[in-house]
Amino acid sequence: MLTKLAGGRLYDPANGRDGAVGDLFVRDGRIVADPGPGAAPDEVHDLSGRVVMAGAIDIHSHIAGGKVNIARLLMAEEHRAAAITTEEPCGCGVGLATPSTHATGCRYAQMGYTAAFEPAMLPSNARHAHLEMADIPLIDTGGYLVLGNDDLLLELLASGAGEEAVADYVGFMLNATRSLAVKAVNPGGINAFKYNQRRLDVDEAGPFHAITPRRILTALAGAVQRLGIPHPLHLHGFNLGVPGNVEATLDSIAAVDGLRLHLTHVQFHAYGVEGDRKFSSAAARVAEAVNRQPNISVDVGQIMFGQTVTASADTMAQMNNAGLAHPKKWVMMDIECDAGCGVVPFRYRDKAFVNALQWAIGLELFLLIEDPWRIFLTTDHPNGAPFTSYPELIRLLMDRDHRLTRMAELHPALPEHTILGSLTREYSLGEIATMTRAAPARILGLTDRGHLGPGAVADITVYTDRPDRRAMFEKPDLVFKDGRLIVRDGVVVAFLQGRTHVVEPAYDPTIESWMARRFDERMGQRLTHFRIAEEEIRGGNGLVRHACQPGSF
Amino acid sequence: MASDRPTHLIRPVVHRDVVCPFCGLGCDDLTVEEEPPATLAVRSTDCPVARERFSRTPSAEPPRVAGVAVPLAEAVEAAAAVLAAAQAPLVAGLGTDVDGARAALSLAERLGAVVDHALSDGLYRNLAVLQRTGWIATTLAELRNRCDLLLVAGPDPAALHPRLFERWVAPAPAFQTPPSREVVFLCGEPLDATRTALSGIPVTVLPGDPAKIGDAAAALAAALADPSRALGAAGIAPGDIAALAERLRKARYAVVAWAASAFDEPHADLTVERLVRLVRDANRHTRCAGLPLAGHDNVVGVNQVCTWRFGVPLRTSLAGGMPLHDPHRFAWARYADVADAVVWVSTFRPEVPAFSAGQTVIALAPSGTAMAEEPAVFIPVGTPGIDHPAHVFRSDTVVALRARRLIDRGLPDVATVLKAIAAALPQEAPTC
């Protein structure tokens, strides 16, 4: 079947198109070249005057896994209040900050997103995360594997293992858990928390294994490069939320010494200690470092005001925040000698100085970091805010007047602590398309996603160009997934299942005998059972493998 | 279903590294011998749960409608006819794997039914506290590798989870220096098998009133703050409480473990809450974590699936096409009083409870299940991890395991049957 999407304004940065009017042709789920005047499309959509982009891709969103289910249980009041009724063909669900799988898939699709990636998949919980992601309809998914606090890696490093052995370990773990990238969360810190340390400096040897966070960070960044994994090490840095943590953030950039590094939810890691309140914006310093160093990319983790729940593997940071829980209940878990999880409900208040400044710091980062290919639109869902706040966030980036209006409603001391009011930049549609489509696909190595060129998967979103950018991005006119129309005027009209994106880097399998021994001795699980079979991922029908290129970075 | 094994079998067939799906400990080291055509015997462990459950493999029997043997398709049609007419259906039991749970929950959504697991009482004593206050918890590998003080609250959990001490406590902690471990039983006596498993490890028993575990936990929490003001509780002397509190303060990584389904006092969730508070208080001084044990018949896994599918856990009604969670109203034993049709799923054990007269029961259970009263429809199904591959969750809620198929008796899996029933309902179900 041939479908023609005729006459839309194409925002397709990967192919150099910035609003040029053109036709798209879709056959068998992919975009194809113009078949010529003789071809007779089976279906034609007249998109004259409409804005056309690839399906959006969320690079960092906690959508599945054990911590999300704990968060759902903790947010019982919200879930009772936010029920979704079954409406053909759509099923039921509940939740805002931690929606059910069904609601997650539907809400993403309704906003024009066709993929979202779970950025904190613990090795021991990977099978659960995959089972859960398979129940998220409509969108593609995948997971980043959390390493860097696992006792086996720390043991390996403590034994003096070289770069090759570390890369073999990482390579095995990515393959075994069907992951797309490597994530490090407060490297060394979660492990130290299990020994009752509530803080660990970057150059402080951790307990038991006596490895410094810096060593873990450089070892993992090096392994990612050695294996040729497209996505750089995805780092949840040190001292999350602590005033003055900008020093550790800049230190992390320095530590990798030119290797590629992705700093995630960098808003939470861009704090200074200036001023009466010993809490200040360090966004300009972070932005300056990012602008100067092309090996660094970031996503923001913007906070938006209201009730949410924070869910993180960083038990060390979450335990420190537990006293701020709203409502007053929280969960910490130490997990399987590989990481942990901390779930703390939280309400960001626009009249609270700290929260207002966090909001401003996030926006400063967006506006000061110049290259939209290296900064990504996230709220660290649900930590900064639910992903459903993206349309409002896009409006804040594209509309300076709206930004200033909103700013005037916040804590009165805010203006003297932020340069936000002086920043005149407004994102263009092309920059939004870059940040939410082309750049995520490129940095994850998804070569046939995030663009509208021939060969791309036909994940396509069509908008009416409205001056109110929130209204525009909240409710696309049409959303296609794999060439099928799934959303029309904000309503889900058809269901299909997404796919699971993975990498399968090559590694020396001799590491497996060491791993098998350690699993028998320590984990009480056979290595063969730890490894997730292809048939387990979406019933064996849904893996999308992306190429690794050792030595290319 | 095609067999994935050679057709020319050498007797007996030995299956190694078998995953046991039954009690939630996730033991994956079993050796199971198969005497063709379909007799299984566990050879590698004396675990009574594994031995008994794996050995139950009677030959497949046909489905029955009103006691009369019929082909599967006919039983499916009969079940669909019953459910199409139901006003207040209950989909419960739910002793099944992840795929079975998905299919059962989808059917329940379609019917507007109430969903619950047969064994959720114990689970709910824990979940109630999680939902009210949260907690600090840990997992089995952390217990094994980091715990230097294990405090077992109440009856010995090994009665429900027989290999707990052998696999997760007897090995010395690998990630503590120096490796040391001791075990304290509070208001409960270790079983003989537990004493054997713990030989060589210091064990202290503080026998106390098992109905007052919560009081003992509260006294310990108070003594943590000020050892000089320790009070006796649950029949345990003040000096013993003070000494244990001091030991908790000095522990490097203490674990407080309990099996809530073994508590038999009323309002057992309040006992759990006291234990959870004790753990939280201990973290003012050191590291300490709780280990709530539950998990027979994949109750933990089914609850996980329900929570991600609907955003709320088990004991949820889907009437009106939306999830409404109420752990009191929608506990299966309570709701069964008003349900007019019951779909009871029990793939891990040959048991179906007796329901009131007037209720139409559709039972999906193993061959050879003895029933108090012949159900309207009985469909024999395979057991996960014996007749078909299956995902099940471990007790600590983190680790999901893939159990494989061992034999082929020609029994369908629950997911297949439930999907067929849903497809046979008058209107086609949503495709999602």
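Residues numbered from 1 in each chain as written. Chains lettered and ligands numbered in written order. Predicted model: local features only at pLDDT ≥ 70, side-chain atom pairs only at ≥ 80, totals over all residues. Heavy atoms only, no water.

As recorded in an unreviewed UniProt entry, chain B goes by Formylmethanofuran dehydrogenase subunit B and comes from Azospirillum baldaniorum.

The name given to chain A in an unreviewed UniProt entry is Formylmethanofuran dehydrogenase, subunit A (Amidohydrolase 3 domain), with the source organism recorded as Azospirillum baldaniorum.

Draft legend 1. Representation of the sheet that holds strand β6 (residues 89-95) of chain B within the structure. Residue and element names in this part refer to chain B. Here nine strands make up an open sheet; going across it, the order is β5-β4-β20-β18-β16-β6-β7-β14-β15 and the pairing mixed. Two strands bound the open sheet, and with one partner strand each, they are β5 (68-69) and β15 (324-325). Looking at chain direction, strand β4 (residues 64-65) and strand β20 (residues 377-380) are connected through two bridges and run antiparallel. Following the sheet pairing, arginine 64 is matched in β20 by phenylalanine 378. Against the sheet, helix α2 (residues 72-85) touches β4, β16 (341-346), β18 (360-365) and β20, its axis set at about 135° to β20. (Pairing = 2+ DSSP bridges. Helix = DSSP H or I, 4+ residues; strand = E, 2+ residues; numbered from the N terminus. Contact = heavy atoms within 4.5 Å. Axes fitted to C-alpha atoms, helices over the stretch in contact; angles between N-to-C directions.)

Draft legend 2. The UniProt feature "domain: Amidohydrolase" (unreviewed entry) in chain A, seen in detail. UniProt's feature table lists "domain: Amidohydrolase" (unreviewed entry) at residues 43-493 of chain A, given in the numbering used throughout. Here residues 43-493 of chain A is 35% helix and 19% strand, with 17 Å between the C-alpha atoms at its ends. (UniProt positions renumbered as here; feature names shortened; annotations may be inferred.)

Draft legend 3. Local environment of the sheet that holds strand β12 (residues 181-185) of chain A. All names here are of chain A. Strand order in the open sheet formed by seven strands is β10-β11-β12-β13-β14-β17-β21, and the pairing between neighbours is parallel. Two strands bound the open sheet, and with one partner strand each, they are β10 (118-121) and β21 (375-376). As paired strands, strand β17 (residues 296-299) and β21 are joined by two bridges and run parallel to one another. Paired with valine 298 across the bridge in β21 is isoleucine 375. Running at roughly 140° to strand β11 (residues 143-147), helix α6 (residues 163-177) makes contact with β10, β11 and β12 of the sheet.

Draft legend 4. Representation of the domain arrangement of chain B in the model. All names here are of chain B. Taken domain by domain, chain B holds domain 1 (64-119 + 297-389 + 405-424) and domain 2 (123-294). Computed from C-alpha atoms alone, the centre-to-centre distance between domain 1 and domain 2 is 36 Å. Buried surface at the junction of domain 1 and domain 2, both sides included, amounts to about 550 Å², of which 67% is carbon and sulfur. The interface formed by domain 1 and domain 2 includes zero salt bridges. (Domains from an automatic or database assignment. Buried area = accessible area lost by both parts, 1.4 Å probe. Salt bridge = Lys/Arg side-chain N within 4 Å of Asp/Glu carboxyl O.)

Draft legend 5. Structural detail: the side chain of Gln267(A). Residues and elements named next belong to chain A. Within the secondary structure layout, glutamine 267 lies in the loop between β14 (261-263) and β15 (271-272). Relative accessible area serves as the criterion here: at 0%, glutamine 267 is assigned to the buried category. At 2.6 Å, the side chain of glutamine 267 forms a polar contact with the side chain of tyrosine 271. What glutamine 267 contacts, discounting residues up to four positions off in sequence, is Val300, Gly301, Ile303, Gln358, Ile361, Gly362 and Leu365. (Buried < 20%, exposed > 50% of the residue type's maximum accessible area, 1.4 Å probe, protein only. Polar contact = N/O pair within 3.5 Å; in protein donor to acceptor, adjacent residues only side chain to side chain.)

Draft legend 6. Here's a closer look at empty space enclosed by the protein. Following the criterion strictly, the structure yields 12 cavities of 30 Å³ or more and no others. Estimates place the volume of the largest cavity at around 430 Å³. Contributing to the lining of the largest cavity are 33 residues, with Ile70(A), Met333(A), Gln304(B), Asp396(B) and Thr397(B) lying nearest its centre. Secondary structure elements with two or more residues in the lining of the largest cavity: α1 (66-74), β10, β19 (331-335) and β20 (339-348) of chain A together with α4 (120-133), β13 (287-293) and α11 (299-310) of chain B. Examining the composition of the lining of the largest cavity, we find that five residues originate from one element, α1(A), more than from any other. Classifying every residue of the lining of the largest cavity by side-chain character gives 19 nonpolar, 12 polar and two charged. When residues of the lining of the largest cavity are sorted by domain, at least three fall in each of domain 1 (64-119 + 297-389 + 405-424) and domain 2 (123-294) of chain B. Approximately 120 Å³ is the volume found for the second largest cavity. In this structure, the second largest cavity is lined by 15 residues; those nearest its centre are Pro123(A), Glu336(A), Asp338(A), Phe519(A) and Met523(A). Class assignment of the residues belonging to the lining of the second largest cavity gives a composition of nine nonpolar, two polar and four charged. (1 Å grid on protein atoms, 1.4 Å probe; cavity = no way out; pocket = protein on both sides within 12 Å on 5 of 7 lines; lining within 4 Å. Points joined across faces, edges and corners; volume = space filled by probe spheres on them. Nonpolar A, V, L, I, M, F, W, Y, C, P; charged D, E, K, R; others polar.)

Draft legend 7. Up close: the interface of chain B and chain A. Contacts between the two partners involve 64 residues from chain B, matched on the other side by 60 residues from chain A. Taken over both partners, the interface formed by chain B and chain A buries close to 5,200 Å², and the fraction arising from carbon and sulfur atoms is 54%. In terms of surface lost to chain A, no three residues of chain B exceed Phe175(B), Arg287(B) and Trp308(B), which account for 14% of the buried area on that side. Here Lys194(A) and Glu142(B) are joined by a salt bridge, their closest N and O atoms 2.5 Å apart. Residues belonging to the side of chain B that touches chain A are distributed by class as follows: 28 nonpolar, 19 polar and 17 charged. In this structure, β19(A) lies alongside strand β8 (residues 136-137) of chain B, joined through two bridges in parallel fashion. Residue Met333(A) lies in a different strand from β8(B), and its bridge partner there is Ala137(B).

Draft legend 8. Local environment of the packing of aromatic side chains. Taken as a whole, this structure holds 19 aromatic pairs over all chains when the rule is applied. Aromatic pair Phe172(A) and Tyr507(A): ring centres 6.1 Å apart, planes at 85°, arrangement edge-to-face. Pair noted here: Phe172(A) is in helix α6 and Tyr507(A) is in the loop between β26 (500-503) and α17 (511-523), with a separation of 335 residues, a long-range link. Neither Phe172(A) nor Tyr507(A) differs from the other in exposure class; each is buried. Sitting over the face of the ring of Phe353(A), Arg277(A) holds its NZ or CZ atom 4.1 Å from the ring centroid. Note that Arg280(B) overlies the ring of Trp330(A), its terminal NZ or CZ placed 4.2 Å from the centroid. (Phe/Tyr/Trp six-rings, centres within 6.5 Å; stacked < 30°, edge-to-face > 60°. Lys NZ or Arg CZ within 6 Å of the ring centre and 35° of its normal.)

Draft legend 9. Molecular detail of the layout of surface pockets. Residues and elements named next belong to chain A. Approximately 560 Å³ is the volume found for the second largest pocket. Lining the second largest pocket are 34 residues, with Asn321, Leu324, Phe346, Tyr348 and Gln358 positioned closest to its centre. Every element with two or more residues in the lining of the second largest pocket is listed here: β12, β18 (306-312), α11 (315-321), β20 and α12 (353-368). Broken down by element, the lining of the second largest pocket gets its largest block of residues, four residues, from β20.

Draft legend 10. Layout of helix α3 (residues 101-110) of chain A. All names here are of chain A. In terms of burial, α3 is largely enclosed, as nine of its 10 residues are buried. Turning to α3, its buried residues number three or more, namely Thr101, His102, Ala103, Thr104, Gly105, Cys106, Arg107, Tyr108 and Ala109. Where α3 ends, the next residue or the one after it, glycine 112, has phi of about 90°, a positive value.

Draft legend 11. Representation of unusual backbone geometry in the model. A cis geometry characterises the amide bond from Pro36(B) onward to Pro37(B), with omega recorded as 10°. As for its position among the elements, Pro37(B) is in the loop between β2 (30-35) and β3 (39-42). Cis geometry is adopted by the peptide bond preceding Pro178(B), which originates at Thr177(B) and carries an omega value of -15°. Within the secondary structure, Pro178(B) sits in the loop between α6 (164-168) and β10 (182-186). In this model, Ala210(A) sits at a positive phi of 55°, which is unusual for a non-glycine residue. Mapped onto the elements, Ala210(A) comes out in the loop between α7 (189-193) and α8 (213-227). Phi angles above zero are rare outside glycine, and His265(A) is one such case at about 30°. Relative to the helices and strands, His265(A) is located in the loop between β14 and β15. Assessed through its relative accessible area of 2%, His265(A) is described here as buried.

Draft legend 12. Examining the pattern of salt bridges more closely. Under the criterion given, the structure shown has 76 salt bridges over all chains. Here Asp251(A) and Arg214(A) are joined by a salt bridge, their closest N and O atoms 2.9 Å apart. Taken as a pair, Asp251(A) in helix α9 (residues 246-255) and Arg214(A) in helix α8 lie far apart in primary sequence, 37 residues in all. You can call Asp251(A) partly exposed: its relative accessible area is 24%. Classification of Arg214(A) as partly exposed rests on a relative accessible area of 23%. A salt bridge links Arg247(B) to Glu182(B); its shortest N-O distance comes to 2.3 Å.

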